[in-house]
Amino acid sequence: MPSAPPEQLVFRALADPTRRDILLKLRGHDMTIAEVADGFDMTRAAVKKHLTMLSDGGLIEVQARGRERINRLNPAALSPLRDWLSIFDEFWEDKLAALKTAVEKDTKT
């Protein structure tokens, strides 16, 4: 899926709760597939599929070290997601400003 926009690949990778849990595990340190699979009730092959989706989204980097594949979190890949979500900051700022105005007006009466 290399032709998809970066934020679409990130959203697709983050859509599954297992993949989000894997990212949480990887935030502490780099892990092999076996280390990632530890604690999940699924086969290593299933974990590998999740890691592939995370890699496709750029959320992890995979490095070969001998026969092992080391998985490393790539937090910079969250930038497209952060950029997309920032579009809604103005919406929330406007809503909170209106709420503040309404509360202040109500307390003055």
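Placed above this text is the structure.
What counts, and at which threshold
- Residues numbered from 1 in each chain as written.
- Predicted model: local features only at pLDDT ≥ 70, side-chain atom pairs only at ≥ 80, totals over all residues.
- Heavy atoms only, no water.
- Core = buried A, V, L, I, M, F, W, Y, C linked by side-chain atoms within 4.5 Å.
- Buried < 20%, exposed > 50% of the residue type's maximum accessible area, 1.4 Å probe, protein only.
- Helix = DSSP H or I, 4+ residues; strand = E, 2+ residues; numbered from the N terminus.
- Contact = heavy atoms within 4.5 Å.
- Pairing = 2+ DSSP bridges.
- Salt bridge = Lys/Arg side-chain N within 4 Å of Asp/Glu carboxyl O.
- Axes fitted to C-alpha atoms, helices over the stretch in contact; angles between N-to-C directions.

A closer look at the nonpolar core
In this structure, I22, V36, L51, L54 and L59 are the most contacted members of the largest nonpolar core, which totals 18 residues. When residues of this core are traced back to their parent elements, those giving at least two are α1 (6-14), α2 (17-26), α3 (33-37) and α4 (44-56). Among residues more than four places away in sequence, those in contact with L54 are A13, R19, I22, L23, L59 and I60.

Topic: the pairing of strand β2 (residues 60-65)
The side chains of a regular strand alternate, first on one face of the sheet and then on the other. Pairing between β2 and strand β3 (residues 68-73): six bridges, direction antiparallel. Within the sheet, the bridge partner assigned to I60 lies in β3 and is L73. Remark: two residues form the turn of the hairpin made by β2 and β3, two consecutive strands paired antiparallel; G66 in that turn has positive phi of roughly 65°.

Re the side chain of T32
Looking at the secondary structure, you find T32 in strand β1 (residues 31-32). T32 gets classed as buried once you look at its relative accessible area, which sits at 11%. Apart from residues lying up to four places away in sequence, T32 is in contact with E68, R69, I70 and N71.

Concerning the pattern of salt bridges
Opposite charge on two side chains allows them to pair when their charged atoms are near. Enumeration over the complete set of coordinates arrives at two salt bridges. In this structure, the salt-bridge partner of D30 is R72, at a minimum N-O distance of 2.8 Å. Placement of D30 in the loop between α2 and β1 and of R72 in strand β3 is noted, with a sequence separation of 42 residues between them. D30 gets classed as partly exposed once you look at its relative accessible area, which sits at 28%. According to the relative accessible area criterion, R72 is partly exposed, its value standing at 30%. Between E104 and K100 there is a salt bridge, with the nearest N and O atoms lying 3.8 Å from each other. Of the two residues, E104 and K100 are both situated in helix α6 (residues 89-108); the distance of four residues between them amounts to about one turn of the helix. Relative accessible area serves as the criterion here: at 52%, K100 is assigned to the exposed category.

Focus on the pairing of β3
Examined bridge by bridge, β1 and β3 share two bridges and lie antiparallel to one another. In the strand pairing of β3, T32 is matched with I70.

Some details on the sheet that holds β1
The three strands are arranged β1-β3-β2 in an open sheet whose pairing can be described as antiparallel. Pairing within the sheet leaves two strands with one partner each, and these edge strands are β1 and β2. In this fold α2 packs onto β1, β2 and β3, with an angle of close to 90° to the strand it touches most, β3.

Keep in mind that these numbers describe shape and distance, not what the molecule does.
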